[in-house]
Amino acid sequence: MLLFKKQPNVLPGFNLTLGFSLLYLTFIFFIPVGGLLLYTSLMSWEEFWRAISHPQVVASYRLSFFASLIGAGINLVFGALVAWVLVRYTFPGKRVVDALIDLPFALPTAVAGIALVTLYASTGWVGQYLEVFGIRVAYTQLGVVVALTYIGLPFVVRTVQPVLEDFESELEEASAALGASRLTTLRRVIFPTLLPALLTGFSLAFARALGEYGSVVFISGNLPYLTEITPLLIVAKTEQYDYNGAAAIGTVMLLAAFALLIIINALQWWSSRRFAH
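So, here's what we can say about the structure. All values reported here derive from a predicted model rather than from experimental measurement. Within each chain, residue numbers correspond to sequence positions counted from 1 in written order. Two thresholds apply to this predicted model, a pLDDT of at least 70 for residue-level local features and 80 or more for giving and counting side-chain atom pairs, whereas whole-chain, interface and lining totals are computed over all residues. Values reported for side chains reflect all heavy atoms of the structure, with hydrogen atoms and water molecules removed beforehand.

Bringing the overall build of the protein chain into the picture now. Along the protein chain, the regular secondary structure elements total 13 helices and zero strands. Along the chain direction, N to C, the helices and strands of the protein chain fall in the order α-α-α-α-α-α-α-α-α-α-α-α-α. In terms of its C-alpha atoms, the protein chain occupies a principal-axis envelope of roughly 70 × 65 × 30 Å. Remark: exposure states derive from per-residue accessible area (1.4 Å probe, protein chains only) relative to the maximum for the residue type, with buried under 20%, exposed over 50%, and partly exposed in between. Within the span of the protein chain, comprising 277 residues, buried residues form 35% of the whole. Contact between two residues is taken to exist if any of their heavy atoms lie within 4.5 Å; hydrogens are not considered. Contacts spanning at least 24 positions in sequence make up 75% of the contacts within the protein chain whose residues lie at least 6 apart. Computed over 16 positive and 15 negative side-chain charges, the separation of the two mean positions in the protein chain equals 7 Å. Every helix listed is a DSSP run of H or I at least four residues long, and every strand listed is a run of E at least two residues long, numbered separately from the N terminus. Residues counted as positive are Lys and Arg, residues counted as negative are Asp and Glu, and His and the chain ends are not counted. Charge positions are represented by NZ for Lys, CZ for Arg, CG for Asp and CD for Glu.

A few words on the nonpolar core. If you look at the biggest cluster of nonpolar residues, it comprises 32 residues, and the most contacted ones within it are Tyr61, Phe65, Val160, Leu194, Leu210 and Ala248. For this core, the secondary structure elements donating two or more residues are helix H2 (45-52), helix H3 (55-88), helix H8 (141-166), helix H10 (182-210) and helix H13 (243-274). Looking at this core, the element that brings in the most residues is H10, giving eight residues. Membership of the second largest hydrophobic core comes to 18 residues, among which are Ala67, Leu148, Ala209 and Val217. Residues grouped as a nonpolar core are buried Ala, Val, Leu, Ile, Met, Phe, Trp, Tyr and Cys residues, joined through side-chain atoms within 4.5 Å.

Turning to the packing of H3 against H8, a few remarks are in order. Fitted lines through C-alpha atoms serve as axes, helices being fitted only where they are in contact, and the angles separating the N-to-C directions of these axes extend from 0 to 180 degrees. Across the interface, H3 lies against H8 with an axial gap of 5 Å and an inter-helix angle of 40 degrees. As the angle between them shows, H3 and H8 are arranged oblique. In this structure, H3 crosses over H8, and the sense of that crossing is right-handed. Looking at side-chain class alone, the contact of H3 with H8 contains 19 nonpolar, eight polar and one charged residues. By definition in this entry, angles of less than 35 degrees are roughly parallel, angles greater than 145 are roughly antiparallel, angles of 65 to 115 are roughly perpendicular, and the rest are oblique. Crossing chirality is assigned from the near helix's rotation relative to the far helix, an anticlockwise turn below a right angle marking it left-handed and a clockwise turn marking it right-handed. Under the grouping applied here, Gly and all other residues not named as nonpolar or charged are polar, the nonpolar ones being Ala, Val, Leu, Ile, Met, Phe, Trp, Tyr, Cys and Pro and the charged ones Asp, Glu, Lys and Arg.

What follows deals with the pattern of salt bridges. Here, a salt bridge means any Lys or Arg side-chain nitrogen found within 4 Å of an Asp or Glu carboxyl oxygen. Under the criterion given, the structure shown has four salt bridges. We note a salt bridge from Asp98 to Arg158, for which the minimum N-O separation is 2.8 Å. Placement of Asp98 in helix H4 (residues 94-100) and of Arg158 in helix H8 is noted, with a sequence separation of 60 residues between them. According to the relative accessible area criterion, Asp98 is partly exposed, its value standing at 26%. We classify Arg158 as partly exposed; its relative accessible area is 24%. Here Asp102 and Arg158 are joined by a salt bridge, their closest N and O atoms 2.9 Å apart. Linking Asp102 in the loop between H4 and helix H5 (103-106) with Arg158 in helix H8, this pair joins segments that are 56 residues apart in sequence.

By the secondary structure assignment, Leu37 is in helix H1 (residues 14-41). Overall, Leu37 belongs to the partly exposed group, its relative accessible area being 36%. Along the backbone, Leu37 and Gly250 are 213 residues apart, and their C-alpha atoms lie at a distance of 9.2 Å. Look past the residues within four positions of Leu37 in its chain and what remains in contact with it is Thr251 and Leu254.

The next subject is the packing of aromatic side chains. Each pair of aromatic rings taken from Phe, Tyr and Trp, with Trp reduced to its six-membered ring, is defined by centres within 6.5 Å and is described as stacked if the planes are under 30 degrees apart, edge-to-face if over 60, and tilted in the remaining cases. This model, assessed by the stated rule, comprises six aromatic pairs. Considering the side-chain rings of Phe29 and Phe258, the 6.4 Å spacing of their centres and the 70 degrees angle between planes classify their relative orientation as edge-to-face. Taken together, the positions of Phe29 in helix H1 and Phe258 in helix H13 put the pair 229 residues apart, joining distant regions of the chain. Between Tyr241 and Tyr243 the ring centres are 6.2 Å apart and the planes differ by 85 degrees, which places this aromatic pair in the edge-to-face class. The rings of Phe29, Phe30 and Phe258 are connected pair by pair, giving a single aromatic cluster.

Below, the discussion takes up helix H6 (residues 109-120). Helix length check: H6, at twelve residues, gives a terminal C-alpha distance of 16 Å against a target of 16 Å (1.5 Å per residue), a fit within 8%. Looking only at H6, the buried set comprises Ala112, Gly113, Leu116 and Val117. All buried residues of H6 project into a common sector of 135 degrees when viewed along the axis, lining one side. Turning to H6, the residues buried within the fold contact H8 and helix H11 (214-220). By definition here, a helix of n residues has an expected span of 1.5 Å times n minus one. Here the arc refers to the set of directions running from the helix axis out to each C-beta atom.

Before going further, it helps to spend a moment on the side chain of Glu228. Tracing the backbone through its elements, the reader meets Glu228 in the loop between H11 and helix H12 (230-239). The buried charged residue Glu228 lacks any salt bridge, with Lys237 as its nearest oppositely charged partner at 9.1 Å. Of note is the side chain of Glu228, whose polar atom sits 2.6 Å from the side chain of Gln56. Those residues in contact with Glu228 that sit more than four places away from it in its chain are Gln56, Ser60, Leu63, Asn222, Leu223 and Leu233. Think of a polar contact as two N or O atoms within 3.5 Å of one another; within protein, one of them needs to be a possible hydrogen donor and the other a possible acceptor, and neighboring residues in sequence only count if both atoms come from side chains.

Below, the structure is given as structure tokens:
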């Protein structure tokens with residue numbers, strides 16, 4: 001008679017760590033999100049629709065989502081370039097530049113907003129020169145994009161950088177030995193490897209930008225129907241004790257963010273299967 005011995009868990013105390021992780025997620029994520037959805041479900045459909053379809057709220061949706069997508073798209077391109085330079089090249093001050101990438105993580109968002117206004121106001125260090133060409137950044141929708149680009153850059157760089165560091169240079173050498181041009185090597189060898197990391201960095205930058213508040217409220221000017229972001233409206237409604245309106249708008253943002261993240265994860269899954277064969 002054969003006796004089957006139970007294989008030990010990879011992690012010691014797996015049951016304990018799993019239970020702690022689920023408990024942590026329950027208090028940090030599931031209860032707040034569930035409470036928001038439950039509070040919203042107690043509203044009538046008329047109240048809910050009235051809260052989320054007001055023209056001022058719709059204008060804030062448009063700005064928040066499109067500015068977040070534009071900022072994440074800019075970071076997708078330039079974040080990949082920054083990661084490439086940091087990994088592939090050696091230059092004076094490289095460690096300083098590498099450390100500065102994490103500055104948006106360490107700097108309070110309100111301080112970042114004040115710094116951006118100081119730079120890009122019409123009398124600011126950079127804004128005064130842009131004003132000559134008729135380009136206004138502070139208190140415009142462009143300023144919102146600049147702020148969201150600033151806070152999202154580290155997500156793309158820190159996601160792509162480890163993949164580039166682990167990339168086998170022999171694959172590039174083999175591609176060059178077979179007669180492929182640099183563009184072909186980039187498109188057929190390097191890009192498929194980086195695509196999942198690029199999509200992950202893009203989704204993280206987008207999700208971070210979508211909920212950003214502190215750095216945007218200073219540089220946007222908070223003009224209704226023009227530069228007013230959705231998180232600001234949620235805060236304003238809670239300060240006015242309009243909890244139903246705040247919950248309804250927050251639910252829309254939550255569901256929309258979930259839907260977009262599911263789409264991005266589906267693209268990641270597709271890309272991993274598409275380029276794995």
